[in-house]
Amino acid sequence: MAKILYKYRSMATPEATRHTLDILDNLRLYCSSVASFNDPFECRSAISFDSPTDIKNERAKERLVKENPSLSESEASRLASSKWRQIERDGAKEFRCWLREDLGVVSFSSCNDDILMWAHYGGGHNGVCIEFRCTDNRHIDFFSKIQEVSYAKQLPKVNFYETNPVDKVKAFLLTKARPWRYEKEWRIIQDYADQRPRFADLPTGIITAIYLGVKISSGNTTAILDRVQANPTFKDVLIYQAGLHADKYELDFQRCSGSKPE
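Residues numbered from 1 in each chain as written. Predicted model: local features only at pLDDT ≥ 70, side-chain atom pairs only at ≥ 80, totals over all residues. Heavy atoms only, no water.

A. Quick look at the nonpolar core. Among the nonpolar cores identified, the biggest contains 37 residues, and Phe 49, Ala 92, Leu 99, Phe 160, Phe 172, Leu 173 and Tyr 211 are the most heavily contacted of them. Contributing elements (two or more residues each) for this core: strand E1 (4–9), helix H3 (73–89), helix H4 (93–102), strand E5 (103–109), helix H5 (115–121), helix H7 (165–173), strand E13 (207–212) and strand E14 (238–244). Setting aside chain neighbours within four positions, we find Phe 172 in contact with Cys 43, Arg 44, Ser 45, Ile 47, Phe 95, Arg 96, Leu 99 and Val 158. (Core = buried A, V, L, I, M, F, W, Y, C linked by side-chain atoms within 4.5 Å. Buried < 20%, exposed > 50% of the residue type's maximum accessible area, 1.4 Å probe, protein only. Helix = DSSP H or I, 4+ residues; strand = E, 2+ residues; numbered from the N terminus. Contact = heavy atoms within 4.5 Å.)

Here it is as structure tokens:
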């Protein structure tokens, strides 16, 4: 289990700034749908429907009863064959839609100083990077939900009927193409099919530092500092300002005045 993770947030536009400040104002993170992500390969897997007919019928029966609890076993058995045939004709469209639309994902990174991450997710260095640290038992439950993303050359293979649910999620939502390795991503995945809005609440004290981008505006810097100083929840939060290294393509972070006292 990861102990320290980071979330990059843009403050390059008024809307992005509002969403970023909402994290501090309400101690919550928005759970995005996969459909909104920037990678067209998100939630893709090589699905196989190869399986004995009796297993297909059994899985279809389980699905029918779940969708309609009042359905009798005999009626479910009668409908099972047409159910799995429809699923295969549609290429598991309903399942893919559930993955892309109903599941919520919160993304984190294990690094806070990646120049590309700042460019892509930190508003072109106009935003912030928030540090989340597992410092006590209050945070264990939150961190236990976070899973590491793996990076592969080939699409993962899934048998629709026989791959267990955990491995299906891992294949569809926790596997990305190798060029994304620089993100060093970790994810929380939650089912929001019957819940709106889609937020993950943060336990008190889990935010331990905020890193300000090289190009952040003075107004947004003030907005961050004011919130940290005014809220007792953030009494131990450190604030750092990113700068450019004098000799390397790297970022330097300097402690801000007005941050937590020594």
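Let us keep going from here.
B. Local environment of the pairing of strand E15 (residues 251–255). Where E14 and E15 come together, five bridges link them in antiparallel fashion. For Gln 241, the partnering residue across the bridge sits in E15 and is Gln 254. Counting the residues between successive antiparallel strands, the hairpin from E14 to E15 contains six residues. (Pairing = 2+ DSSP bridges.)

C. Region of the structure containing helix H8 (residues 218–230). Between its first and last C-alpha atoms H8 spans 18 Å; for 13 residues at 1.5 Å apiece the expected length is 18 Å, and the two agree. Within H8, burial applies to Asn 220, Thr 221, Ala 223, Ile 224, Leu 225 and Val 228. Taken together, the buried residues of H8 touch helix H1 (14–26), strand E6 (128–133), E13 and E14. (Expected span 1.5 Å × (residues − 1).)

D. Looking closely at the side chain of Thr 208. By secondary structure assignment, the location of Thr 208 is in strand E13. Assessed through its relative accessible area of 15%, Thr 208 is described here as buried. Each residue touching Thr 208, except ones within four places of it in the same chain, is listed here: Glu 131, Phe 132, Arg 133, Thr 135, Asp 236, Val 237 and Leu 238.

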